[in-house]
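Architecture and fold: a report
Listed here are the chains, written in short residue letters.
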Amino acid sequence: MNRSTFTRSGEWVIISSIKTNLKRYAKSLRLRLFLILLLVGIVPINLLKFGILQNYEKQTVSQRAAMIRNQCQMIASQLSESGYIHGNTSELVETELVQLGSLYNGRVVIVNSNFRIIKDTYGIDENKVIVAEEVLQCFQGTDSDNYNRSEEFLEVTVPLRDDVTKEMIGVMIISVPTIDIREGRTALGSTVFTLQIAMILAVLAVAFYAARLLVKPFGKVTASLEDVNGSFLDEDISMPDYTETELLSEAYNRMRRRMKLQEDSRQEFVSNVSHELKTPLTSMKVLADSLVAQGEMGEVPNELYKEFMTDIAEEIDRENTIITDLLSLVKMDKRSSDVNIKETNINDLVELILKRLRPIAARQNVELVLESFKPIVAEVDETKLTLALSNLVENGIKYNKENGWVHVSLNVDNTFFYVKVEDSGMGIHEEAQEHIFERFYRVDKSHSREIGGTGLGLAITRSAILMHHGAVRVYSKEGEGTTFTVRIPLKYVP
Ligand code: ADP
């Protein structure tokens, strides 16, 4: 690789790691919390700013209108007294009107009861008739302040009444520019803006740190899980910061314990398998070695050869049986997708099992009897169920006594069918009963070995029955006999 491709690939690695980090951050709880906190902080700040400015403008306008109205009120009585409104001239009134206009830098208009403008301090509309809505409304007794924000002026209409009769004699309209209000609002706006920026920065900082703080316990969870990596099956973790992290650690600890149990049982199984497979090999090795040793010392008699070879063949058979049983067990332990469920006539299935085992029973002088009360059809995996039931009947024969018997009976109700395998054999003592379904467990190792047992038969039976969501139980009394009862649902539920 030359230098430039190396640099480019280095850059590429950096870019892709930045991309991954960004993606991770975009999906993170921390970012979400940060945004929520930011929103919760910033929205009220903006609303507050808007409210302050609006309120300022409203207050200033209404104060201004009230002041104007006050001053108008003072002039109004002079307008009536002097008869100015009826067409008389009055220097004093004229001056006051001009003063009022110049005080607010605005325009003062006096309208008489004929809607004619008798005075306009701007001198534009004098003697014209005015039919503006606010004038009409004012004559009807409703005076108004009209604030035009876009054109920046405030118009106040004040009714003029006769001092004596209190009759409406005219309307006074004062329009004043409100540029100063806008300027005041802008000035206040910039002060508030500075404050707003400061508050937003504070909210940003608080949101950033709060989000970091809130998600910290989750980081701790990850760290603890990574920490226990080496011997994770032996260590419980504890994270009590939040209820959520506490629940998470409890769930993790439960899973860890389950895995530990599985791991222990797997290790035990592996060591049992190795031991069981080694035993026949060791015997064969001893037999073969002694044959070789004898051969080195001289001729080995034919009978001895035959005897040793028969023993070796037996050990090979035994190895074979163990391997076959192991394979059956592994198959049973596999997922339920391997189950081949079909509607099966259980009576026929059990009859066939007995037919196959009859020669073995006959060899041991054991009587095999089938009692079946009703025809049974159920959804089962034929091969697996045959294996399960064969093991029970075969055990009944194997662990029996001379001239003993094995009774197999079938029964059914609406949901289940039942198989009972009873024998007149040696029985199983109480402490052993809870272990007989364990893999490689044998009550009497040497006896079981003698009669060709591997200790896997009942484990296979139990796996097959559990696969059908059924149950198997044992009842036994030492020296009197054993009964296995099996219950399996008629309909298979995956
Ligand atoms: P094995 O291949 O040794 O028979 P199983 O798993 O079938 O293994 O049985 C486990 C042990 O339970 C047997 O070794 C035997 O000691 C005992 N057992 C099983 N069935 C019977 C029975 N019907 N009567 C007496 N003992 C039994």
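**Topic: the packing of helix H5 (residues 179–227) against helix H6 (residues 243–297)**
Two elements in contact, H5 and H6, have axes separated by 10 Å at closest approach and are oriented at 15°. In this view, H5 runs roughly parallel relative to H6, as classed from their interaxial angle. In this structure, the crossing between H5 and H6 has a hand that is right-handed. On H6, the residues touching Pro-217, Phe-218, Val-221 and Leu-225 of H5 are Thr-245, Leu-248 and Tyr-252. Partitioning the contact of H5 with H6 into residue classes produces 6 nonpolar, 1 polar and no charged.

**Topic: the site of the ligand**
Around the ligand sit 20 residues in total, of which Asn-395, Tyr-399, Ser-448, Thr-454 and Leu-458 are the nearest. In this structure, Tyr-399 approaches the ligand through a side-chain N or O atom, which is 2.7 Å from an oxygen atom. Interatomic distance of 3.1 Å between a backbone N/O atom of Val-443 and an oxygen atom of the ligand. Protein chains bury 97% of the 520 Å² of accessible surface belonging to the ligand in isolation. Breaking the shell around the ligand down by element, the ones donating at least two residues are helix H9 (382–398), helix H12 (457–467) and strand E12 (481–489). Partitioned by chemical class, the residues of the shell around the ligand number 8 nonpolar, 9 polar and 3 charged.

**What about the sheet that holds E12?**
Overall, mixed pairing links the 5 strands, which are arranged E7-E9-E10-E12-E11 in an open sheet. Whereas interior strands pair on both sides, the edge strands pair on one side only; in this sheet they are strand E7 (367–372) and strand E11 (471–477). Between one strand axis and the next, the sheet turns by 10° as a mean value, whatever way the strands run. The sheet contact formed by strand E10 (residues 416–423) and E12 spans 8 bridges and is antiparallel.

Parameters at a glance
Once a new chain begins, its residue numbering starts again from 1 and follows that chain's sequence as written. For this predicted model, a pLDDT threshold of at least 70 governs which residues receive local features, and a threshold of 80 or more governs which side-chain atom pairs are given and counted, while totals over whole chains, interfaces and linings are taken from all residues. Just so you know, side-chain values use all the structure's heavy atoms and leave hydrogens and water out. Fitting a line to C-alpha atoms yields each axis, with helices limited to the stretch in contact; the angle taken between N-to-C directions then spans 0 to 180 degrees. Numbered from the N terminus, helices here are DSSP runs of H or I no shorter than four residues, and strands are runs of E no shorter than two. For this classification, under 35 degrees means roughly parallel, over 145 means roughly antiparallel, 65 to 115 means roughly perpendicular, and everything else is oblique. Take the far helix as your reference; a near helix turned counterclockwise from it by less than a right angle gives a left-handed crossing, and one turned clockwise gives a right-handed crossing. Any two residues whose heavy atoms approach within 4.5 Å at even a single point are treated as in contact. The nonpolar class holds Ala, Val, Leu, Ile, Met, Phe, Trp, Tyr, Cys and Pro. Asp, Glu, Lys and Arg form the charged class, and all remaining residues, Gly among them, are polar. In this text, near means that some heavy atom of the residue lies within 4 Å of the molecule or strand in question. Two N or O atoms form a polar contact when they lie within 3.5 Å of each other; inside protein one atom must be a possible hydrogen donor and the other a possible acceptor, and for residues adjacent in sequence the pair counts only when both atoms belong to side chains. Computed with the Shrake-Rupley method and a 1.4 Å probe, the accessible areas treat only the protein chains shown as cover for residues. When DSSP finds at least two bridges between two strands, those strands are taken to pair.

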